[in-house]
Amino acid sequence: MRLLHTSDWHLGQNFFGFSRHYEHQQFLEWLLTTLVEEKIDVLLIAGDIFDTANPPSSAQQQFYKFLCAAKANTPHLQVVITAGNHDSPTRLEVPTPFLNAIDMTVIGQVQRQQQQINLENLVVPLHNQQGDIAAWCLAVPFLRPNDVPRVEGATDAYLAGIDALYQQVTALAKSKQQAHQALIAMGHCHLLGGEVSSDSERKLVMGGIEMLSSQIFDQDIAYVALGHLHLAQQVGAEHIRYSGSPLPMSFSEIHYPHQVIVLELQGTALSNINAIKIPRSVALQRLPEKPAPLTEVLALLEQQDWSVLPEEQQPYLQVRVLLDKPEPSLRHKIEQVLEHKAVRLVKIETSYPTQNESNTNHVLLEDVSKLQPEDIFLRMYQQRYQNEPDSQLLTAFRDLLASESQGETE
């Protein structure tokens, strides 16, 4: 049996105000071809199908059109979809009756019957092309605190509850397992040791401990298909993997190896794992690679010759400028250079020379009361920009102080 693991599509995402519908469509069309070429029997989508809990209708149509096309191209294909922390569990489960009719299973949330967790709903049989059960899938979605069983006396009830739920689901799957049937687990979570993209990955539990140990997965599980972290990586063991996102979700992910993972099962064992690189349809560019003075940056941008493309295919550009003082016309100057170039300016990152700590003027606590507002302003400006403010800015600051003083006396 051959399976393909993917996650974190984030359909419907806007990138600094620009729709990524074109990029997602290119990925989905590539994935349709890959499913056929790789002779895939089961497609595992481990959460964050959509970027928001209330995705635009265009993104939802894009998703369900893909599923219909996948089934038409590969009639024997089985699909297992679990919700991520960006998805709405209930919204994702709405078309369940229709999807079940074409061998597609959607698990948006943990269901309960008379206050008891419905474990049966989380264990999905996976069939080979002959129609025989070849594996059992622990289809566990992103777990919220109310989804997990209570563990009395636990230091962290949420983490202990997640561990307990996986143990219960694994035990149920093992009770169904017969000879030559493998166990596959899915999860949308943050494992200890997983590398994070801080710019684009939403914290799972605000203000709480959220990282799980890979030990929650039973040693008899052949493969663990994870979602949430955007960098494709293995955690703890070769068979425990994040597939990563198909598109870079931020400029911090510009060098990520975006991919899907194809795995092959022989009986109960994992016989092969192969990562297939996803082609990038729209480039992300940082110019310059390291921040540089504005004059150098403008000259560099002027030299660029981007190919003429429709807007949806034009590169996203982040410009990095090193300043020694505030530059009010910064954006205007950059936009002027880029006015007739086929590129989308999405971000201007400014930085200043690193402050040498030994040169910092420290103020003793007893001296603070002796400082005037202008003294503090001059010290802060010097510390931040390694320079003195020009006369126009200093005059504006003094005018502001004067108006404030006048207001207090009236």
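Everything below is about the structure printed above this text.
Nothing here was measured: the structure is a model prediction, and the numbers come from that model.

Student: Looking at this structure, I do not really get the pairing of strand S6 (residues 104-107). What am I missing?
Tutor: Each regular strand shows side chains that alternate between the opposite faces of the sheet. Where burial is concerned, the two faces of S6 agree: the one with Met104 and Val106 and the one with Thr105 and Ile107 are both buried. Bridge count between strand S5 (residues 78-82) and S6: 4 bridges; the pairing is parallel. Bridged to Val79 within S6 is Met104.

Student: How should the sheet that holds S5 be read in this particular structure?
Tutor: What links the strands of a sheet is backbone hydrogen bonding, and the strands pair in either a parallel or an antiparallel sense. One open sheet holds the 6 strands; their spatial order is S6-S5-S4-S1-S17-S18, and the pairing between them is mixed. In the strand order of this sheet, the two ends are held by S6 and strand S18 (269-277), each with one partner. Across the sheet, the mean angle separating the axes of adjacent strands is 15 degrees when strand polarity is ignored. Looking at chain direction, strand S17 (residues 259-266) and S18 are connected through 8 bridges and run antiparallel. From the neighbouring strand, Leu263 faces S18, where its bridge partner is Ile273. Across the sheet, helix H1 (residues 21-37) is in contact with strand S1 (2-6), strand S4 (42-46), S17 and S18; its angle to S1 comes to roughly 165 degrees. Sitting on the sheet, helix H2 (residues 57-73) touches S4, S5 and S6, and the angle it makes with S5 is about 155 degrees.

Student: What am I meant to see in the packing of aromatic side chains here?
Tutor: Geometry of an aromatic ring pair is reported as the spacing of the ring centres plus the angle between the planes. Counting across every chain of the model gives 12 aromatic pairs. Considering the side-chain rings of Phe16 and Phe251, the 6.1 Å spacing of their centres and the 50 degrees angle between planes classify their relative orientation as tilted. With Phe16 in the loop between strand S2 (14-15) and strand S3 (18-19) and Phe251 in the loop between strand S16 (240-242) and S17, this residue pair connects regions lying 235 residues apart in the sequence. By relative accessible area, which is 43% here, Phe16 ends up partly exposed. Ring centres of Phe63 and Tyr64 lie 5.0 Å apart, and the angle between their planes is 55 degrees; this geometry places the pair in the tilted category.

Student: So what exactly am I meant to see when it comes to helix H5 (residues 157-176) here?
Tutor: Relative to the 28 Å expected for 20 residues at 1.5 Å per residue, H5 spans 29 Å between its end C-alpha atoms, a close match to the ideal helical length. Listed as buried for H5 are Tyr158, Leu159, Ala160, Gly161, Ile162, Ala164, Leu165, Tyr166, Val169, Thr170, Leu172 and Ala173. Residues of H5 that are buried make contact with strand S8 (116-117), strand S9 (123-127), strand S10 (133-139), strand S11 (182-188) and strand S13 (211-212). Two or three places before Tyr158, at the start of H5, stands the capping residue Asp156, its side-chain oxygen 3.1 Å from that residue's backbone nitrogen.

Student: Hey, could you run me through the environment of Ala299 in this one?
Tutor: Assignment of secondary structure puts Ala299 in helix H6 (residues 294-303). According to the relative accessible area criterion, Ala299 is partly exposed, its value standing at 37%. Each C-alpha atom of the pair Ala299 and Val337 lies 8.8 Å from the other, and the pair is 38 residues apart in sequence.

Student: How do you make sense of helix H7 (residues 330-338) when you look at a structure like this?
Tutor: Along H7, the residues that are buried comprise Leu330, Ile334, Val337 and Leu338. One side of H7 carries all its buried residues, which in axial view fall inside an arc of 95 degrees. Along its buried surface, H7 packs onto H6, strand S20 (316-322) and strand S21 (344-351).

Student: Can you help me understand empty space enclosed by the protein in this one?
Tutor: Empty pockets left among the atoms are what a rolling probe the size of a water molecule brings to light. Taken as a whole and judged by the stated rule, the model has 3 cavities of 30 Å³ or more. The computed volume of the second largest cavity comes to approximately 40 Å³. Around the second largest cavity, the lining residues are Phe50, Thr52, Ala53, Pro55, Asp87, Ser88, Arg91 and Leu92. When grouped by side-chain class, the residues that make up the lining of the second largest cavity number 4 nonpolar, 2 polar and 2 charged.

Student: Help me understand the pattern of salt bridges, please; the structure alone is not making it clear to me.
Tutor: Pairing between side chains of opposite charge can happen when the charged atoms of each approach one another. Overall, the coordinates contain 12 salt bridges when judged by the stated rule. For Glu349, the salt bridge identified is with Arg320, shortest N-O distance 3.0 Å. Taken as a pair, Glu349 in strand S21 and Arg320 in strand S20 lie far apart in primary sequence, 29 residues in all. Here Arg331 makes a salt bridge to Glu335, at a shortest N to O gap of 3.2 Å.

Student: Just to check I follow, could you spell out the side chain of Glu23 for this structure?
Tutor: Here Glu23 is to be found in helix H1. The exposure class of Glu23 is buried, given its relative accessible area of 3%. In terms of polar contacts, Glu23 uses its side chain to reach the side chain of Tyr316, at 2.6 Å.

Quick notes on the rules
- Residues numbered from 1 in each chain as written.
- Predicted model: local features only at pLDDT ≥ 70, side-chain atom pairs only at ≥ 80, totals over all residues.
- Heavy atoms only, no water.
- Buried < 20%, exposed > 50% of the residue type's maximum accessible area, 1.4 Å probe, protein only.
- Helix = DSSP H or I, 4+ residues; strand = E, 2+ residues; numbered from the N terminus.
- Pairing = 2+ DSSP bridges.
- Axes fitted to C-alpha atoms, helices over the stretch in contact; angles between N-to-C directions.
- Contact = heavy atoms within 4.5 Å.
- Phe/Tyr/Trp six-rings, centres within 6.5 Å; stacked < 30°, edge-to-face > 60°.
- Expected span 1.5 Å × (residues − 1).
- Polar contact = N/O pair within 3.5 Å; in protein donor to acceptor, adjacent residues only side chain to side chain.
- Arc of directions from axis to C-beta.
- 1 Å grid on protein atoms, 1.4 Å probe; cavity = no way out; pocket = protein on both sides within 12 Å on 5 of 7 lines; lining within 4 Å.
- Points joined across faces, edges and corners; volume = space filled by probe spheres on them.
- Nonpolar A, V, L, I, M, F, W, Y, C, P; charged D, E, K, R; others polar.
- Salt bridge = Lys/Arg side-chain N within 4 Å of Asp/Glu carboxyl O.

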